[in-house]
Structures are given as structure tokens and as C-alpha cells.
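Observations on chain architecture
Given next are the chains, with one letter for each unit.
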Amino acid sequence: LQSKLPNVGTTIFTKMSALAEEHKALNLAQGFPEFDCSPDLQRLVDKYVRSGKNQYAPMPGALPLREAIARKTFEASGREYHPVSEITVTSGATEALFVAISTVVYPGDEVIVFEPAYDSYVPAIELSGGIPVFVTLDPQYDYIDWEAVAARVTEKTRAIIVNTPHNPTGKVWTAADLHALAALAEAHDLVVISDEVYEYIVFDGLAHISVSSVPALAERSFVCGSFGKTFHTTGWKLGYCLAPAELTAEFRKIHQFLVFSVVTPFQFAVAEFLAEPEHYLALSAFYERKRDLFNDAIRDIGFIMKPSEGSFFQNVSYANLSEEADVALAERLTREAGVATIPVSAFYARETDYKTLRFCFAKNDDTLLKAAGLLNKAV
Ligand code: PMP
Ligand code: GLN
């Protein structure tokens with residue numbers, strides 16, 4: 001059989017989690033919380049399972065959840081997405097991204113991807129016959145050179161994928177970035193696919209600016225979100241996609257035959273939980289404290305690092321400490337120090353040598369402190 005994805009193997013997240021398990025290492029690699037979701041949310045799932053919400057949800061999602069998503073989006077960005085025609089509940093952001101890409105990309109179309117990039121974008125583009133065109137950024141980049149981005153646009157460019165707050169760098173895009181994106185997308189009639197799964201995790205008083213808050217972008221964008229990050233429920237694979245009705249209609253044709261609908265009682269539970277904004281608005285402070293705890297604990301190691309601005313990842317460069325390639329170092333630290341991380345080269349299509357590791361700090365405080373102690377001894 002000829003592979004449709006010849007360049008794809010097992011994801012780095014699966015690999016590093018397996019290696020962590022094998023060596024009983026602390027897993028600061030794969031991005032998932034070590035702690036559980038709210039007991040109130042668990043009780044809501046139980047309530048809806050017991051009250052018979054166990055058959056297929058409507059294809060676009062349970063209406064109360066779509067209404068709750070519309071409400072929270074309006075509060076955050078001022079954009080009114082219609083629950084009936086513009087909001088679709090998906091199997092995680094992964095499905096939302098895959099379907100959005102499949103909806104717009106035809107064979108031969110070029111899609112602009114900023115790298116380092118989350119690993120699901122490129123295979124989705126390639127399965128539709130599209131061609132990823134990379135804008136390469138340093139893992140600790142200071143700003144985006146929008147002229148360089150514009151230089152990558154050709155008459156074949158169909159879409160651009162953006163991600164803020166960003167995995168793995170923790171960068172949060174500025175209003176100027178969003179406006180530059182809008183100008184570029186309008187000038188070249190590009191579709192924007194915006195991965196905003198870390199929308200509620202931003203630090204140091206910065207704000208997440210959704211593409212949905214910029215009218216010129218909202219009208220040409222698929223905005224993809226995930227409750228996995230927001231409610232510590234990555235295993236539920238519950239996400240959503242916001243897009244104008246015309247785009248949503250085409251998106252749903254693919255969603256309908258990929259999964260039809262997603263897990264019913266969890267949708268009702270999340271809909272009810274969303275009624276209390278504190279359940280998601282407290283998340284930034286929660287993770288900012290963890291970021292600071294971890295960063296303070298590893299400070300003396302001497303990594304070169306800028307504090308993460310958002311997401312639950314901290315990148316560190318060890319270029320001043322070691323010549324080792326990041327994959328080799330990540331594997332060695334897992335085996336010898338008992339701390340698993342993600343080598344950031346995994347987020348680049350071509351070979352790179354940025355000597356950068358990604359730590360996930362969505363872990364219990366004692367795990368973060370223990371990991372820092374082990375790293376202090378090993379590095
Ligand atoms: N995009 C980014 C940037 C992510 O970090 C993740 C989660 N690892 C996803 C998408 C996928 O989200 P989900 O688990 O809801 O499919
Ligand atoms: N998004 C998570 C991360 O970046 C991993 C998700 C996955 O394992 N596919 O670590």
C-alpha cells in the first residue's frame with residue numbers, strides 16, 4: 001500500500017509519554033493536566049447520563065451547548081455567532097481543525113503555516129492534496145515579520161493557519177498581529193483557520209484577541225476551540241468550530257460524515273457548567289501561578305528563556321549549556337534525570353537546531369518542584 005502520509009510516524013507526544021512511562025519519569029512532555037476536572041462538572045455528567053441523554057446528539061451539537069458557546073464568545077469578542085447556523089460542536093479541536101482544512105483546501109492549494117506548528121495541521125493539509133508553505137519562527141520569537149509572511153503568498157494561496165496563544169512557544173498575538181493578518185487575508189482573499197484552544201490561558205495581564213473579534217477576519221475564519229484545555233478534560237475530546245453560516249454549511253457536510261455528532265451527556269454537562277464564567281475566567285491566574293512556580297524553581301539552571309505569555313507550556317533554550325540535539329537531550333533527561341519534555345524540533349517540518357525543550361506546567365505543584373529539583377541536578 002502506498003502511504004498517503006509518507007512523512008508521518010507516531011507523534012512525539014505519544015513517543016515521549018511512552019518513554020516517560022518506561023522510565024517512570026515525571027511527564028512534563030505531553031500537554032495534559034495532571035489534576036482532575038471540577039467535581040461539579042463530574043456531577044453534571046453523571047446527572048445527564050442518568051437522565052437519559054445517551055443517544056445521538058443533533059449533528060451540529062446539543063443546542064444548549066451551542067447557545068452557551070455563542071454567549072461566551074459574544075462576551076469575549078463582541079461577535080454574535082448564531083447557534084443554529086454558525087456553531088458546530090466537534091470531537092475536540094483536532095476534528096474542528098481537520099474538517100475546516102478539508103472544507104477549504106483543494107489539491108494544489110497552498111496553505112500558510114507558521115512553524116513551530118502543532119502537529120495535526122500539516123497532515124490534514126496534505127490529505128486534501130494541499131501544500132503547506134512555512135513561515136519559520138524562532139521558538140522564542142519576539143515579533144512576526146508580516147512582510148516576510150506576505151512574501152510567501154502566491155496566487156495559489158488559499159488559507160492561513162494561525163494559533164494564539166501558541167503551542168509550543170506560549171506566544172500571544174498582539175492587536176497589531178491580528179490587524180496585519182486581516183490586511184493580508186483581505187488583500188489575497190484567504191480563508192483563516194484559527195486555533196484558539198488556549199483562549200482562556202493568558203498571563204501577565206495580556207489579553208487573548210480572537211480572530212472573531214476582528215470583523216474583517218471573522219467573516220472569513222473558522223475559529224477552533226476545545227474544552228479539553230479549559231476544563232481539564234482533554235480525554236473528553238470536546239471542541240467546537242465557529243464560522244459564518246456559508247462556511248459552516250460546508251464544514252458540516254464533512255463533519256456529518258466524519259463523526260455525525262459527538263458525545264451527548266458531556267455536551268449538556270459542559271453547557272450547564274459554562275453558565276458560570278468563573279469556571280473559565282479563573283484559568284489564567286491558576287496557570288500563571290504554576291508557570292511562575294516552575295520558572296522560579298528552574299531559574300538557577302541557567303536556561304535562556306522568556307516567560308510563556310499563554311498556554312500551559314514553557315520553552316527553554318539550552319544553547320548556552322549543551323551541544324546536544326534536542327531529541328537526544330529530551331530522551332536522555334527522561335532516562336537519566338527522570339523528567340520528560342518535548343524537543344521543539346518536532347514542531348518544525350525541516351531539520352532545525354534551536355536547542356529548545358518544551359515543558360508542560362499543567363502539573364501538580366509538587367510534580368513541578370520535584371521535576372525542577374531533578375533537572376537542577378542533571379543539567
Ligand atoms: N491545537 C493545539 C495547539 C493543541 O495544543 C491541541 C491539544 N493538544 C489541539 C489543537 C487539539 O485539541 P483537542 O484535544 O481538543 O483535539
Ligand atoms: N496538544 C498536546 C500537546 O501539545 C498533545 C495532544 C496529543 O497528544 N495529540 O502536548
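Residues numbered from 1 in each chain as written. Chains lettered and ligands numbered in written order. Predicted model: local features only at pLDDT ≥ 70, side-chain atom pairs only at ≥ 80, totals over all residues. Heavy atoms only, no water.

**Here we look at the site of ligand 1**
Stated precisely, the cut-off is as follows: The cutoff for a nearby residue is simple: one of its non-hydrogen atoms must lie within 4 Å of the molecule or strand. Any pair of nitrogen or oxygen atoms within 3.5 Å is treated as a polar contact; in protein, a donor-acceptor pairing is required on top of that, and neighbouring residues in sequence qualify only through side-chain atoms on both sides. Areas reported here follow the Shrake-Rupley algorithm with a probe of radius 1.4 Å; residue values treat only the protein chains shown as occluding. Points on a 1 Å grid over protein atoms alone make up a cavity when a 1.4 Å probe fits among them but cannot get out, and a pocket when they form an open set with protein on both sides within 12 Å along at least five of seven lines; lining residues each have an atom within 4 Å of a point. Pocket occupancy is defined atom-wise: a molecule lies in a cavity or pocket when more than half of its atoms are within 2 Å of its grid points. Secondary structure counts use DSSP, requiring at least four H or I residues in a row for a helix and at least two E residues in a row for a strand, with both numbered from the N terminus. Side-chain classes are defined by residue name, with Ala, Val, Leu, Ile, Met, Phe, Trp, Tyr, Cys and Pro counting as nonpolar, Asp, Glu, Lys and Arg as charged, and the others, Gly among them, as polar.
Looking at ligand 1, there are 13 residues lining it, with Thr94, Asp195, Tyr198, Ser226 and Lys229 nearest. A distance of 2.9 Å separates a nitrogen atom of ligand 1 from a polar side-chain atom of Lys229. Summarising the interface, the protein chains cover 93% of the accessible area of ligand 1, which totals 390 Å² for the free molecule. Under a 2 Å grid-point criterion requiring more than half of the atoms, the pocket assigned to ligand 1 is the second largest pocket. Ranked by residue count, the leading element in the shell around ligand 1 is helix H4 (residues 92–104), at 4 residues. A class-by-class count of the residues in the shell around ligand 1 yields 5 nonpolar, 5 polar and 3 charged.

**Regarding the environment of Phe227**
Applied cut-off: Residue burial is assigned from relative accessible area. The probe radius is 1.4 Å, only protein chains are included, and a residue is buried under 20% of its type maximum, exposed over 50%, and partly exposed in between. Residues count as neighbours in contact if any of their non-hydrogen atoms are within 4.5 Å of one another.
Structurally, the position occupied by Phe227 is in helix H9 (residues 227–230). With a relative accessible area of 2%, Phe227 lands in the buried category. Phe227 sits 43 residues away from Val270 along the chain, and the two C-alpha atoms are 8.2 Å apart. Those residues in contact with Phe227, other than ones at most four positions away along the chain, are Leu65, Ile69, Lys72, His232, Thr233, Leu238, Gly239, Tyr240, Val270 and Leu274.

**Quick notes on the packing of aromatic side chains**
So the rule is basically this: In this scheme Phe, Tyr and Trp rings, the latter by its six-membered ring, pair at centre separations within 6.5 Å, and the angle between planes marks the pair as stacked below 30 degrees, edge-to-face above 60, and tilted otherwise. Placement of a positive charge over a ring is assigned whenever Lys NZ or Arg CZ falls within 6 Å of the ring centre and within 35 degrees of the normal to the ring plane.
Throughout the structure, instances matching the rule amount to 26 aromatic pairs. Considering the side-chain rings of Phe286 and Tyr287, the 5.0 Å spacing of their centres and the 75° angle between planes classify their relative orientation as edge-to-face. The class for Phe286 is partly exposed, based on a relative accessible area of 30%. When its relative accessible area of 0% is taken as the criterion, Tyr287 is described as buried. Taking 6.3 Å as the distance between ring centres and 50° as the angle between the ring planes, the aromatic pair formed by Phe303 and Phe359 counts as tilted. Taken as a pair, Phe303 in the loop between helix H13 (283–298) and strand E9 (313–317) and Phe359 in strand E12 (residues 356–360) lie far apart in primary sequence, 56 residues in all. Here the two residues Phe303 and Phe359 agree in accessibility, since each one is buried. Ring-pair connections join several aromatic residues into one group, and the members of that group are Phe35, Tyr198, Phe203, Phe286, Tyr287, Phe312, Phe313 and Phe361. The ring centre of Phe268 lies 4.7 Å from the NZ or CZ of Lys53, which sits over that ring. Stacked on the ring of Phe32, the Lys or Arg Lys363 has its end atom at 3.9 Å from the ring centre.

**Considering the layout of surface pockets**
We apply this condition: Grid points are joined across faces, edges and corners, and a volume is the space filled by probe spheres set on the points. What fixes the domain bounds is an automatic or database domain assignment.
There is about 730 Å³ of room inside the largest pocket. Lining of the largest pocket is provided by 25 residues; of these, Asn7, Val8, Asp119, Ala346 and Tyr348 occupy positions nearest its centre. Among the secondary structure elements, those contributing two or more residues to the lining of the largest pocket are helix H1 (12–22) and helix H5 (121–127). Among the elements that line the lining of the largest pocket, the one with the most residues is H5, at 3 residues. Residues of the lining of the largest pocket, tallied by class, amount to 13 nonpolar, 6 polar and 6 charged. Structurally, the lining of the largest pocket is a two-domain feature, drawing no fewer than three residues from each of domain 1 (12–30 + 282–378) and domain 2 (52–276). For the second largest pocket, the calculated volume is near 490 Å³. If you trace the second largest pocket, you find 27 residues lining it, with Gly31, Thr94, Tyr118, Lys229 and Lys237 closest to the centre. Elements that contribute at least two residues to the lining of the second largest pocket include exactly H1, H4 and H9.

**Thoughts on the site of ligand 2**
Around ligand 2, a shell composed of Phe13, Gln30, Gly31, Tyr118, Asn167, Lys229, Phe313 and Arg358 is seen. At 2.6 Å from an oxygen atom of ligand 2 is found a main-chain nitrogen or oxygen belonging to Gly31. Between an oxygen atom of ligand 2 and a side-chain N or O atom of Arg358, the distance comes to 2.7 Å. Taken by itself ligand 2 offers 300 Å² of open surface, and the protein chains cover 80% of this. Judged by the proximity of its atoms to the pocket grid, ligand 2 belongs to the second largest pocket. Residue composition of the shell around ligand 2, grouped by class: 3 nonpolar, 3 polar and 2 charged. For the shell around ligand 2, the domains that each give at least three residues are domain 1 (12–30 + 282–378) and domain 2 (52–276).

**Considerations on the nonpolar core**
Put simply, the rule is: To define a nonpolar core, start from buried Ala, Val, Leu, Ile, Met, Phe, Trp, Tyr and Cys residues and group those joined through side-chain atoms within 4.5 Å.
Formed by 95 residues in total, the largest nonpolar core has its most connected members in Phe114 and Ile160. Counting contributing residues, this core receives three or more from each of domain 1 (12–30 + 282–378) and domain 2 (52–276). Contacts of Ile160, omitting those with residues within four sequence positions, involve Val111, Ile112, Phe114, Val149, Leu181, Leu184, Leu190, Val191, Val192 and Ile193. Counting 24 residues, the second largest nonpolar core, distinct from the first, contains Val99, Ile101, Val111 and Val191.

**Comments concerning H1**
Threshold: The arc in question is traced by the directions running from the helix axis to the C-beta atoms.
Within H1 the residues assigned to the buried category are Ile12, Phe13, Met16, Ser17, Leu19 and Ala20. Along the axis of H1, the buried positions cluster into a sector of 160°, meaning they face one direction only. Structural note: H1 exposes Glu21 and Glu22 on the side pointing more than 90 degrees away from its buried face. Of the surrounding elements, those touching the buried residues of H1 are strand E1 (26–27), helix H14 (326–337), strand E10 (339–340), strand E11 (342–343) and E12.

**Points about the side chain of Lys72**
Structurally, Lys72 can be placed in helix H3 (residues 63–77). Note on Lys72: relative accessible area 4%, which makes it buried. Among the polar contacts listed, one links the side chain of Lys72 to the side chain of Glu199, at a separation of 3.3 Å. Among residues more than four places away in sequence, those in contact with Lys72 are Glu199, Tyr200, Phe227, Tyr240, Leu274 and Tyr280.

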